[in-house]
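# Examination of the molecular architecture
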Amino acid sequence: MTQLLLLLVLLFWLLPPIMAKKMQTLCVLPQRYKIHEHYYRPGDAIIGGNLPLGNYWQLYLPFNKDPYLFSLAYLPKPNNYHQFMALVFAVTEINKDLVLLPNVTLGFNIYDNANWNKRVSLINLFLLSTRDQMVPGYKCDQQDILFSVIGGDNPQFSMQMASIFSMFKVPQLSIGFEFIQGDQRVYPSSFRINPKEFPQYVALVWLLLYFQWNWVGLIVSENENAEQFISILSPMLMEKEICLAFTQMVKHDFSHEEVFKFTLHSKIWANVEVILSFAEPDIVETFLLALNFYLFRQNPCPKVWILTSYWKPHTNHLQDRWRALKNLHGSLHFRDHGGIISEFSSFLLSLDPLNPQGDMILPLWWEKVFDCEFHKPGHSFVKRKKYCTGKENLRNLPTYIFQTSMTGKSYNVYNAIYALAHALHAMYGSGSRPATMKFGKRISSVQSWQLLPYLMNVQFNNSAGEEISFSEKGLGSARYDLLNWVLLPNRSVVLLKIGQINPGAPPGQDVTIRSDAIIWPTKKVPFARCGMKRCRAGERRSVPDGKQVCCYQCVPCPEGTISNQTDAAECDPCPEDQYPNKNMVNCIAKKLHFLAYQDPLGYALASLALFFSLITTAIVMIFHKHHDTPIVKANNRDLTYVHLASLLLCFLCSFLFIGQPGKLTCLFQQSAFAILFSLAVSSVLAKTVMVVLAFMATKPGNRTRKFLGKPLTTSIVLVCPLVQTVLCAIWLAISPPFFNLDLHSLFGEIILECKEGSASFFYAVLTYLGLLALVSLTMAFLARKLPDSFNEAKFITFSMLVFCSVWITFIPTYLSTKGKSMVAVEIFFILASGAGLLACIFSPKCYIILLRPHLNCKENIMRQKNC
């Protein structure tokens, strides 16, 4: 029984009391870590910030302790603080604008991530939580509306932020992050506010080509960003035949000794005058410091550094910064395009570190840039420093420490904040009602994701007069400025703007440069080529086996080709109607090669043809004048005139071969020559036949007398040339001679020639002509001893012998010559054979007619007494 009662008491004790005490509930968990370096300004719409405004400096930190539990020295970054001031300036301007966002005040909540990965993630959670708590997306005691977040400063941090804020669809304005294919779907609320990087790579290759540099070094960080940079740039360099002498990947924890080993023991380093750099700021400056300490101190070897926008100077110690940056004198730096916002300088000059207005970083930053210290009660003063008065002038700072003008990074932040304001205006400032009635309390009901579609279509003109546009990927422009680092002896730096990259400009104007304004470290443009010399015009490149394409040698262009530019990869052949000059630099027109009257040879042959034509004409006149004399009658006057006329035409047809040939002259010159000589030889043949028949007719009982007379001679004179004419007609019908340009037989000349068309027909007409001559020779040779005081068969025999000898030697001579020499050979043989006929047959008759007229009588011809 006792046990049962005890059990009942225990059960009643476990039941809840009727009047339970109400306990206090907490809506969120308390925040474990505190981040002191942040700046909050209240507003209706809050812009969050996750920016690397400084970093912590501690030489020895226990690896097994949480670094947040230690008190570390905080060092602001002057240039990064410049971007933060651009944000503050933009928000201040927008809040004063009564048209853009009336009745709505922008505020911000900016944290400094100090370049720590863990701190970046914590700040992301802070921005999504109630202040001083850490439960993302749950706010129970604050009305701040987080409209957007800006930050990142590098691709790694931007990606880290995008993975968190995209889940909550908070617009993220990323610095240093560029989407690759597919990222837009994964991070739909992330917008890039820095220019696209690819146009910078194109401009980088263009710059190397502009200065004709093809042998450069490359120093990159050992991370994914550098690997992507190399994968994009290497094919572009290879396409333009630009070689990398070395590719040095540097780790974050590399030592000065590693730089010393690489530079001092590397022959390649000594021969490289231009170095590309795609490395993080601390790596570049540490590398430069190591070079200054180990190499440049003993053996100065200035290089031209080409720095991408990935780099910006931010060495913690100002003295170290000067030591590092002085090695950049004359270097070229691609930097994000910056606009001229005149009011920004006035805003910076109005900063008062004694009255920071909630900006906890401003006093620390002031001490940093002016290398001084504000008086703090209870703190010991560093003797080497001076007291800060707060009245120091920012204009007196060197530009490599701080600039009062708006730089490219700050200009991007400035435009990004204005893009947010214009997106808010587009969301609430459109419609029929005035904008002043649409803002106000209604802004509290807006969610950040509702801003996304408006931010994707923002387009406006900023106060610098430039058009700014956003798309789903972020900033639409991709403009860069090209700066020249000029370091003066007084430790001041002048950043000369010597060029600009604007992909939106017309072709040919997208990259501009003022090369004459560049200050080089060696007072002249670096050579930066692998070869010791450049190939001149008239030479081409030849790459030895085992060498890179940039390490070439120069060889002369092959015959018939030229190169009219420096470092030509190949020599270009000249057009067929041109040929290279002596230096193989230019193509010049080939000379026209033909037998012209102005040529000595053409002039001589034309004169000779004219001379024989005049001689022939004179003989005709002599025979005509003495046509009644016995010697003229005895030689058949009609055949004589036909023979002389044919010889005259043979001499004159030589002029068809002299001068620039054409289609008509080529068509008829060979036919005319063949037919006219057939007529001349036929006349000789007819005379020979008449002589033989006349002698045979004197014998008793011979019936050959009936063949004597004009019918036979006329038949011979007509039929024999007619056969040749038929042959020539068939030749012209089937394969006629034609005008031809021989572009290759003679160097530097174009042979204007007449081709035979059909060689068979050409040799056929020559054969027929030779056959007629052979028959005439045979008959004349048989009749040479006939009894007659003036036997013409002897002269015909000799003339035919000369004629045949001439044309037998013509064939091999004709085939062994080219161009106008071939034409001259044919003309010479025409004149020689015609002159042989003229001299052998008619010179004895003219001699008797003119010099021995007493022999010109019938009795002498009939072998009787002299007259």
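Note that the structure is a prediction, hence the values are computed from the model and not measured. (Residues numbered from 1 in each chain as written. Predicted model: local features only at pLDDT ≥ 70, side-chain atom pairs only at ≥ 80, totals over all residues. Heavy atoms only, no water.)

Counting secondary structure elements, the protein contains 24 helices and 30 strands. Contacts spanning at least 24 positions in sequence make up 69% of the contacts within the protein whose residues lie at least 6 apart. Element-wise, carbon and sulfur atoms account for 60% of the exposed surface of the protein, whose accessible area totals about 43,400 Å². (Helix = DSSP H or I, 4+ residues; strand = E, 2+ residues; numbered from the N terminus. Contact = heavy atoms within 4.5 Å. Areas by Shrake-Rupley, 256 points an atom, 1.4 Å probe, with all protein chains shown as cover.)

A word on the packing of aromatic side chains. For the structure on display, the rule yields 29 aromatic pairs. With centroids separated by 6.2 Å and ring planes inclined at 70°, the aromatic side chains of Trp365 and Trp366 adopt a geometry described as edge-to-face. Here Trp365 matches Trp366 in class, with each residue buried. Grouped by ring-pair contacts, the aromatic residues Tyr39, Tyr81, Phe84, Phe108, Trp365, Trp366, Phe370 and Phe402 constitute a single cluster. One Lys or Arg, Arg541, reaches over the ring of Tyr552 and ends 5.4 Å from the middle of that ring. Between Lys845 and the ring centre of Phe842, over which it is positioned, the NZ or CZ distance is 5.9 Å. (Phe/Tyr/Trp six-rings, centres within 6.5 Å; stacked < 30°, edge-to-face > 60°. Buried < 20%, exposed > 50% of the residue type's maximum accessible area, 1.4 Å probe, protein only. Lys NZ or Arg CZ within 6 Å of the ring centre and 35° of its normal.)

Here the focus is the state of the cysteines. Following the criterion strictly, the structure yields 7 disulfides and no others. Residue pairing for Cys243: its cysteine sulfur links by disulfide to Cys550, the two sulfurs lying 2.1 Å apart. An S-S torsion of about 95° defines the bridge between Cys243 and Cys550 as right-handed. Note that Cys243 is positioned in strand β10 (residues 243-250) and Cys550 in the loop between β22 (539-542) and β23 (553-556), a separation of 307 residues in sequence. Of the residues examined, Cys550 reaches a relative accessible area of 1% and is grouped as buried. (Disulfide = S-S within 2.5 Å.)

Our focus in this paragraph is the UniProt feature "transmembrane region" (unreviewed entry) in the protein. Per the UniProt entry, the sites bearing "transmembrane region" (unreviewed entry) are residues 601-623, 639-659, 671-695, 716-734, 761-783, 795-815 and 821-842 in this numbering. For residues 716-734, the helix share is 100%, the strand share is 0%, and the end-to-end C-alpha distance is 27 Å. End C-alpha to end C-alpha, residues 795-815 measures 31 Å, and it is 100% helix and 0% strand. (UniProt positions renumbered as here; feature names shortened; annotations may be inferred.)

The next thing to look at is the pairing of strand β11 (residues 274-278). Counting buried residues along β11, 5 of its 5 residues qualify, which places the element largely inside the surrounding structure. Burial along β11 is two-sided: Val274, Leu276 and Phe278 facing one way and Ile275 and Ser277 facing the other are all buried. Pairing geometry for strand β9 (residues 215-221) and β11, over 4 bridges, is parallel. Pairing of Ile219 across the sheet is with Ser277, part of β11. (Pairing = 2+ DSSP bridges.)

So, on to unusual backbone geometry. Phi at Glu241 is positive, roughly 60°, even though this residue is not glycine. Within the secondary structure layout, Glu241 lies in the loop between α7 (224-239) and β10. Among the residues examined, Glu241 registers a relative accessible area of 29% and is labelled partly exposed.

This part covers the packing of helix α18 (residues 637-652) against helix α23 (residues 819-851). Contact geometry of α18 with α23 gives a least axis separation of 9 Å together with a crossing angle of 155°. Here α23 runs roughly antiparallel to α18, going by the angle between their axes. The two elements α18 and α23 cross, and the hand of that crossing is left-handed. Residue-level inspection shows Thr640, His643, Leu644, Leu647, Cys650 and Phe651 of α18 in contact with α23, the latter providing Ile830, Leu831, Gly834, Ala835, Leu837, Leu838, Ile841 and Phe842. (Axes fitted to C-alpha atoms, helices over the stretch in contact; angles between N-to-C directions. Parallel < 35°, antiparallel > 145°, perpendicular 65-115°, else oblique. Left-handed = near helix turned anticlockwise from the far one by under 90°.)

Here the focus is the pattern of salt bridges. Applying the stated criterion across every chain yields a total of 8 salt bridges. Across the pair Arg529 and Asp567 runs a salt bridge whose closest N-O atoms are separated by 2.6 Å. With a gap of 38 residues between them, Arg529 in the loop between β21 (511-513) and β22 and Asp567 in the loop between β24 (561-562) and β25 (572-573) connect regions that are remote in the sequence. Take Arg529 and Asp567: they sit in the same class, and that class is buried. Members of the salt-bridge network, linked through shared partners, are Arg529, Arg534 and Asp567. (Salt bridge = Lys/Arg side-chain N within 4 Å of Asp/Glu carboxyl O.)

Right, let's get into a nonpolar patch on the surface. On the surface, Leu488, Val494, Leu496 and Ile519 cluster together into a nonpolar patch covering about 240 Å² of accessible area. On the basis of relative accessible area, Leu496 is assigned to the partly exposed category, the value being 30%. (Patch = residues over 30% accessible without salt bridge, like charges linked within 9 Å, V, L, I, M, F, W, Y side chains within 5 Å.)

This paragraph deals with the packing of helix α2 (residues 78-96) against helix α14 (residues 408-428). Packing of α2 against α14 brings their axes to within 8 Å, and their N-to-C directions diverge by 30°. On the basis of their axis angle, the class for α2 and α14 is roughly parallel. In this structure, α2 meets α14 at a crossing whose hand is right-handed. Mapping the contact onto sequence places His82, Gln83, Ala86, Leu87, Phe89, Ala90, Val91, Glu93 and Ile94 in α2 and Lys409, Ser410, Val413, Tyr414, Ile417, Tyr418 and Ala421 in α14. Looking at the contact of α2 with α14 residue by residue, the class counts come to 11 nonpolar, 3 polar and 2 charged. (Nonpolar A, V, L, I, M, F, W, Y, C, P; charged D, E, K, R; others polar.)

Reading across from one edge, β28-β30-β29 is the order of the 3 strands in this open sheet, with mixed pairing throughout. Pairing within the sheet leaves two strands with one partner each, and these edge strands are β28 (591-593) and β29 (738-742). Sheet twist, expressed as the average angle between the axes of neighbouring strands with direction ignored, equals 25°.

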